[in-house]
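Survey of secondary and tertiary structure
Each chain is listed here by its residues.
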Amino acid sequence: MMSPTAATIRLTLHVLAATIWVGGQFTLAGLLPVLRKYEGSAKLAARAFNSIAWPAFGVLVVTGMWNLVAVDVTAQSNRYQVTVFIKIAVAIAAGAAAAAHIAARSKLALALGGAIGAIASVAAVFLGVLLHTGS
Ligand code: HEM
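Rules used in this analysis
Residues numbered from 1 in each chain as written. Predicted model: local features only at pLDDT ≥ 70, side-chain atom pairs only at ≥ 80, totals over all residues. Heavy atoms only, no water. Near = heavy atom within 4 Å. Polar contact = N/O pair within 3.5 Å; in protein donor to acceptor, adjacent residues only side chain to side chain. 1 Å grid on protein atoms, 1.4 Å probe; cavity = no way out; pocket = protein on both sides within 12 Å on 5 of 7 lines; lining within 4 Å. Sits in = over half its atoms within 2 Å of the grid points. Helix = DSSP H or I, 4+ residues; strand = E, 2+ residues; numbered from the N terminus. Nonpolar A, V, L, I, M, F, W, Y, C, P; charged D, E, K, R; others polar. Expected span 1.5 Å × (residues − 1). Contact = heavy atoms within 4.5 Å. Donors = N, O, S within 2.8 Å, 3.2 Å for Na, K, Ca; no water. Tetrahedral: all angles 85-135°; square planar, octahedral: opposite > 155°, others 65-115°. Buried < 20%, exposed > 50% of the residue type's maximum accessible area, 1.4 Å probe, protein only. UniProt positions renumbered as here; feature names shortened; annotations may be inferred. Phe/Tyr/Trp six-rings, centres within 6.5 Å; stacked < 30°, edge-to-face > 60°.

Taken together, 24 residues form the shell around the ligand, and within it Arg10, His14, Asn67, Lys87 and His132 come nearest. For the ligand, a nitrogen atom lies 2.8 Å from a polar atom in the side chain of His14. Lys87 is positioned such that a nitrogen or oxygen atom in its side chain is 2.4 Å from a nitrogen atom of the ligand. A molecule is said to occupy a pocket when more than half its atoms come within 2 Å of that pocket's grid points, and by this definition the ligand occupies the second largest pocket. Those elements that provide at least two residues to the shell around the ligand are α1 (6–35), α2 (41–70), α3 (78–103) and α4 (107–133). Of the residues contributing to the shell around the ligand, the split by class is 16 nonpolar, six polar and two charged.

The following block contains the structure:
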């Protein structure tokens with residue numbers, strides 16, 4: 001059996017937090033049609049999800065910064081640095097859109113915030129894996 005390294009812990013925490021933040025959004029969206037049959041349940045479920053989603057987002061930011069230090073982003077290629085820059089911008093957009101979704105007062109703002117948040121979150125996953133596998 002291989003031995004875990006600091007990178008194992010760092011990436012496990014980062015990916016675990018991503019599974020909660022990204023996977024949770026899709027799971028909640030999948031449950032909504034059923035939840036909507038029971039008055040008020042969708043809002044209660046969304047609030048319950050928020051109570052684990054935002055701490056997970058916090059872990060993403062903290063382990064994301066740990067990633068930057070660990071990979072020594074200043075020593076990486078220009079293409080890697082550009083990819084990291086885009087990934088951080090996309091991650092910020094994901095958080096901002098999710099926050100706008102929660103604060104929304106109109107159906108349009110609710111739908112746009114939710115959709116942009118989900119798309120940006122999936123893009124952050126893709127860019128994260130790209131950092132590891134791209135050329
Ligand atoms: C919505 C937010 C985010 C998601 C969903 C996300 C997701 C991911 C995923 C899936 C990986 C690939 C891990 C692997 O291949 O083992 C990754 C890697 C990475 N992430 Fe994130 N991430 C997010 C936010 C951030 C933030 C805010 C930063 C920087 C402050 C960041 C910096 C990095 C770095 C540098 C890597 C490469 C790590 C390495 O190669 O060792 N991430 N991310």
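Structure's up, so let's keep going.
Our focus in this paragraph is α4. Taking 1.5 Å per residue as the helical rise, α4 with its 27 residues ought to reach 39 Å, and the 39 Å between its terminal C-alpha atoms agrees with that figure. Close packing links the buried residues of α4 with α1 and α3.

Another aspect to go through is the coordination of the iron atom of the ligand. Donor atoms from the polypeptide that bind the iron atom of the ligand are His14 (NE2) and Lys87 (NZ), placed at 1.8 to 2.0 Å. Of note is the iron atom of the ligand, whose six donor atoms meet at the metal with angles of 77 to 177° in an arrangement that counts as octahedral. Note that His14 is positioned in helix α1 and Lys87 in helix α3, a separation of 73 residues in sequence. Here Lys87 falls in the buried class, since its relative accessible area comes to 17%.

In this model, Asp72 sits at a positive phi of 50°, which is unusual for a non-glycine residue. Secondary-structure assignment places Asp72 in the loop between α2 and α3.

When the UniProt feature table is mapped onto this chain numbering, "transmembrane region" (unreviewed entry) sits at residues 12–32, 52–70, 82–102 and 108–131. With 100% helix and 0% strand, residues 82–102 has its two end C-alpha atoms placed 30 Å apart. With 100% helix and 0% strand, residues 108–131 has end C-alpha atoms that lie 34 Å from one another.

This part takes up the packing of aromatic side chains. Applying the stated criterion across every chain, the model contains three aromatic pairs. The interplanar angle of 65° and the centroid separation of 5.0 Å between the aromatic rings of Trp21 and Trp54 together place this pair among those described as edge-to-face. Of this pair, Trp21 sits in helix α1 while Trp54 is found in helix α2, placing the two residues 33 residues apart along the sequence. The exposure class of Trp21 is buried, given its relative accessible area of 5%. Here Trp54 falls in the partly exposed class, since its relative accessible area comes to 29%. With a centroid separation of 5.7 Å and an interplanar angle of 70°, the aromatic rings of Trp54 and Phe57 are classed as edge-to-face. Of this pair, Trp54 and Phe57 both sit in helix α2, three residues apart, which is roughly one turn of that helix. On the basis of relative accessibility, which here comes to 15%, the residue Phe57 falls in the buried class. Each member of the aromatic cluster is reached from another via a ring pair, and the members are Trp21, Trp54 and Phe57.

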